Amino acid sequence: DAMVIQNPRYQVTQFGKPVTLSCSQTLNHNVMYWYQQKSSQAPKLLFHYYDKDFNNEADTPDNFQSRRPNTSFCFLDIRSPGLGDAAMYLCATSRDPGDNIQYFGAGTRLSVL
Amino acid sequence: KQEVTQIPAALSVPEGENLVLNCSFTDSAIYNLQWFRQDPGKGLTSLLLIQSSQREQTSGRLNASLDKSSGRSTLYIAASQPGDSATYLCAVSGGSNYKLTFGKGTLLTVNP
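The model shown is predicted, which means the values in this text are computed figures rather than measured ones. (Residues numbered from 1 in each chain as written. Chains lettered and ligands numbered in written order. Predicted model: local features only at pLDDT ≥ 70, side-chain atom pairs only at ≥ 80, totals over all residues. Heavy atoms only, no water.)

1. Overview of unusual backbone geometry
Step number 1: The linkage connecting N7 of chain A with the following residue, P8 of chain A, adopts the cis geometry, with an omega of -10°.
Step number 2: Structurally, P8 of chain A is set in the loop between strand 1 (4–7) and strand 2 (10–13).
Step number 3: A cis geometry characterises the amide bond from I7 of chain B onward to P8 of chain B, with omega recorded as 0°.
Step number 4: Tracing the sequence through the fold places P8 of chain B in the loop between strand 1 (4–7) and strand 2 (10–14). (Helix = DSSP H or I, 4+ residues; strand = E, 2+ residues; numbered from the N terminus.)

2. Description of the environment of K42 of chain B
Step number 1: Residue placement: K42 of chain B occurs in the loop between strand 4 (32–38) and strand 5 (44–51).
Step number 2: The partly exposed category is assigned to K42 of chain B, whose relative accessible area is 40%.
Step number 3: Sequence separation between K42 of chain B and E17 of chain B is 25 residues, and the spatial gap between their C-alpha atoms is 25 Å.
Step number 4: Apart from the residues within four sequence positions on either side, K42 of chain B is in contact with R9, M88 and A106 of chain A. (Buried < 20%, exposed > 50% of the residue type's maximum accessible area, 1.4 Å probe, protein only. Contact = heavy atoms within 4.5 Å.)

3. Considering the sheet that holds strand 3 (residues 19–25) of chain B
Residue and element names in this part refer to chain B.
Step number 1: The strand order across the open sheet formed by five strands is 1-3-8-7-6, and the pairing between neighbours is antiparallel. Strands with a single pairing partner mark the edges of an open sheet, and in this sheet they are strand 1 and strand 6 (56–59). Each neighbouring strand pair of the sheet contributes to a mean axis angle of 15°, computed without reference to strand direction.
Step number 2: Bridging between strand 7 (residues 62–67) and strand 8 (residues 72–77) involves six bridges; their strand directions are antiparallel. The partner of A64 across the bridge, within strand 8, is L75. (Pairing = 2+ DSSP bridges. Axes fitted to C-alpha atoms, helices over the stretch in contact; angles between N-to-C directions.)

Rendered as structure tokens:
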């Protein structure tokens, strides 16, 4: 059974139209991560939540926001998607920050038209 | 700033061959190193995790080694099968927030 679930698997949006990607987990892990992976590139950490504490990477654009309303769910909001934001977005969880066994979801492939 | 490099970028081998994938990292102050598998259009599946105090880990036909002082890791796949075809990524953790830094991966194709 899937433990980290991302919805939708594929998302198409228009240039400048806000979009939200969803991630849920059944592992009751404290930490949730969002990564961006462009074609043939390494996954790049955007931010993570340790419980309710939000940690933004220094080079994550302001266009990207995140919400974690409870332990199970975490959302990635892209306020005004540009063509350069088309990518695979990966959600991951871990029990604690020092527990580096991260469990990944299947990803959401975002296309921007 | 930690940088992770994987060589080769792509590898094509006939079925049954033993192969080695390489990963190098610039900062040896790591907590651990992980190897992941990624199928096309899919998420990441963790294959092996090596703690910084360990030298190697084995799982089935996979063996991963770690030489922290030289900043290198290898993933050995024995008796490769077409089902092993995927992209293999390595990632190291370090820093105050245990952040994972990934390489770009090696695209492996095993031909029947």
